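Residues per chain are reported as follows:
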Amino acid sequence: MPPAIRTQGLTRLYRKAPRRGVPAQEFRAVDGVDLEIQPGELFGLLGPNGAGKTTLIKILCTLLFPTSGTAEVCGLDVVKDCERVRERINMVSGGEPSGYGLLTIREQLWVFSQLYGLSTAEAMSRIDRMLDQYGLAKDAGTKINRLSTGMRQKMNLIRGFMTAPSVLFLDEPTLGLDAHIARQTRDFIRAWMAEDRTRALLLTTHYLAEAHELCDRVAIIHQGRIRACDTPENLVAAHRGDAVFEITLSGLDGQSEALRRDPDMKVSRLDADPAAGHTTVRFSLADDAALPGALSRMAALGGRIVNLSKHEVTLEDVFVKIAGQTIADAEKSSE
Ligand SMILES: Nc1ncnc2c1ncn2[C@@H]1O[C@H](COP(=O)(O)OP(=O)(O)O)[C@@H](O)[C@H]1O
Ligand SMILES: [Mg+2]
């Protein structure tokens, strides 16, 4: 069996519109990506907003041409063989709208099944089974223009799963969902993968904890490039020697941003709560011995310790090590 997905040197340029005296310029949204995903893999593409995840997915789904490099899905070239690629894939993105307002959930799913050539009997049996499995059966007769965000997202996801694609692409499948529905969604994804070991699923997310829980392997993408690719366990294990701490300080009085400039601390999260007069910062150090120095620099800024705890390394900390900035900061700088 060929790889489910294979890319070599995949690159996509966009033209940035001119603004405020800066002339139009080209930039690489996807920059030389080499990726190989096997049948049976649940693969996560992780990165902040603006990293190039959607652009990469759109190329693999034949919705966008690459500028250079190659991409194959099920051994078929996405440019030269796009018709045959389309027969084997499906794609759902998290934020997409729902469809035709006057149809019910069940009718809308049936309409889409017809675009894929399923018989009505087969389509209805798959649709009803999935509505039931995903906790949407009681809403099957609800009209599209009356759906909550959660119902709409579940319906859109079923639309992707019901055609039993060889490779399914989910772009931010849990975007904006509350914790309960996000959990149901992860369970549904896992169950679908377990039904057939030759399926592959590529999802994107900027929720690192979700990727850790769900994915067999992940690639960390930042500014269009793959910075690391491995199982979540291995990525975390490679940094297990790091000492990760969370500290809450009082008395910093607007100085909390100075913590980011500390020579030893790699800050992965910084939450200032001016009302409480507290700052909580999560950071990693090369080893425990660097802690006293960091604490004395915090004291020099006026910080007094309210709480200090040591933690296991997470993917979030790994991202900071690799990208040199937190997910939140990377998102700010790409705006
Ligand atoms: N059609 C487009 N034209 C120009 N720039 C784009 C276009 N689509 C996306 N971009 C830019 O390309 C970069 C990557 O975007 P995208 O692939 O959507 O990232 P992600 O899905 O990781 O948030 C961003 O800087 C974005 O603003
Ligand atoms: Mg995106």
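By convention here, each chain's residues receive numbers from 1 onward along its written sequence. Key to labels: chains lettered from A, ligands numbered from 1, both in the order written. Only residues with pLDDT of at least 70 are given local features in this predicted model, and only at 80 or more are side-chain atom pairs given and counted; all residues enter the totals for whole chains, interfaces and linings. With hydrogens and water stripped out, all remaining heavy atoms of the structure feed into the side-chain values.

Caption draft 1: Quick look at the sheet that holds strand E10 (residues 225-230). For two strands to be treated as a pair, DSSP must find no fewer than two bridges joining them. Strands here mean DSSP runs of E at least two residues long; helices mean DSSP runs of H or I at least four residues long; both are numbered from the N terminus. Here six strands make up an open sheet; going across it, the order is E6-E7-E8-E3-E9-E10 and the pairing mixed. The outermost strands of the open sheet, each flanked by one partner alone, are strand E6 (89-93) and E10. Strand-to-strand twist of the sheet, defined as the mean angle between neighbouring strand axes without regard to direction, takes the value 15 degrees. As defined by bridge partners, strand E7 (residues 167-171) adjoins strand E8 (residues 200-205) across five bridges and the pair is classed as parallel. Note on E8: the bridge partner recorded for Leu168 is Leu201. Here, axes are lines fitted to C-alpha atoms. For helices the fit covers the stretch in contact, and angles between N-to-C directions go from 0 to 180 degrees.

Caption draft 2: A look at the pattern of salt bridges. For this document, the term salt bridge refers to a Lys or Arg side-chain nitrogen within 4 Å of an Asp or Glu carboxyl oxygen. Inspection of every chain in the model, using the stated rule, returns 27 salt bridges. In this structure, Asp139 engages Lys138 in a salt bridge whose closest nitrogen and oxygen atoms are separated by 3.5 Å. A relative accessible area of 71% means that Lys138 is categorised as exposed. The closest approach of N and O atoms between Arg282 and Glu246, which form a salt bridge, is 3.0 Å. Exposure classes here rest on a 1.4 Å probe applied to the protein chains alone. A residue is buried below 20% of its type maximum, exposed above 50%, and partly exposed in between.

Caption draft 3: Highlighting the nonpolar core. Ranked by size, the top nonpolar core spans 46 residues in total, and within it Ile158, Phe161, Leu170 and Leu201 carry the most contacts. Here the nonpolar core consists of buried residues drawn from Ala, Val, Leu, Ile, Met, Phe, Trp, Tyr and Cys, with membership extended through side-chain atoms lying within 4.5 Å. Counting residues in each nonpolar core, the second largest holds 30 residues, with Ala4, Val85, Leu202 and Ala219 among its members.

Caption draft 4: Region of the structure containing the site of ligand 1. Only a single heavy atom is needed: when it lies within 4 Å of a molecule or strand, its residue is near that molecule or strand. The immediate surroundings of ligand 1 are formed by Tyr14, Phe27, Ala29, Pro48, Asn49, Gly50, Ala51, Gly52, Lys53, Thr54 and Thr55. Residues adjacent in sequence count toward polar contacts only when both atoms are side-chain atoms; beyond that, a polar contact is any pair of N or O atoms within 3.5 Å, and within protein one must be able to donate a hydrogen and the other to accept it. One of the side-chain nitrogen or oxygen atoms of Tyr14 is found 3.5 Å away from a nitrogen atom of ligand 1. A distance of 2.5 Å is found between an oxygen atom of ligand 1 and a side-chain nitrogen or oxygen belonging to Thr55. Here, Shrake-Rupley sampling with a 1.4 Å probe gives the accessible areas, and only protein chains in the shown set may cover a residue. Relative to its unbound accessible area of 560 Å², ligand 1 is 63% covered by the protein chains.

Caption draft 5: Here's a closer look at helix H10 (residues 315-323). Restricting attention to buried positions, one finds in H10 the residues Leu315, Asp317, Val318, Phe319, Val320 and Ala323. A positive phi of about 75 degrees marks Gly324, the residue just after H10.

Caption draft 6: Up close: the packing of aromatic side chains. For Phe, Tyr and Trp, where Trp contributes only its six-membered ring, two rings pair if their centres lie within 6.5 Å, and the inter-plane angle classes them as stacked under 30 degrees, edge-to-face over 60, or tilted in between. Across all of its chains, the model carries five aromatic pairs by this definition. Here the aromatic residues Tyr134, Phe161, Phe188 and Trp192 are joined through ring pairs into a cluster of three or more. If you follow Lys16 out to its NZ or CZ, it ends over the ring of Phe27, 4.8 Å from the centre. Here the guanidinium or amino end of Arg159 rests over the ring plane of Phe112, the centre of that ring lying 5.3 Å away. To sit over a ring, a charge needs its Lys NZ or Arg CZ within 6 Å of the ring centre and within 35 degrees of the ring normal.

Caption draft 7: A look at the pairing of strand E11 (residues 243-250). In terms of burial, E11 is largely enclosed, as eight of its eight residues are buried. What you see with E11 is no split at all: Ala243, Phe245, Ile247 and Leu249 on one side and Val244, Glu246, Thr248 and Ser250 on the other are buried throughout. Both E11 and strand E14 (residues 304-311) contribute to a ladder of seven bridges, which runs antiparallel. When the bridges of E14 are listed, Ile247 appears paired with Leu308.

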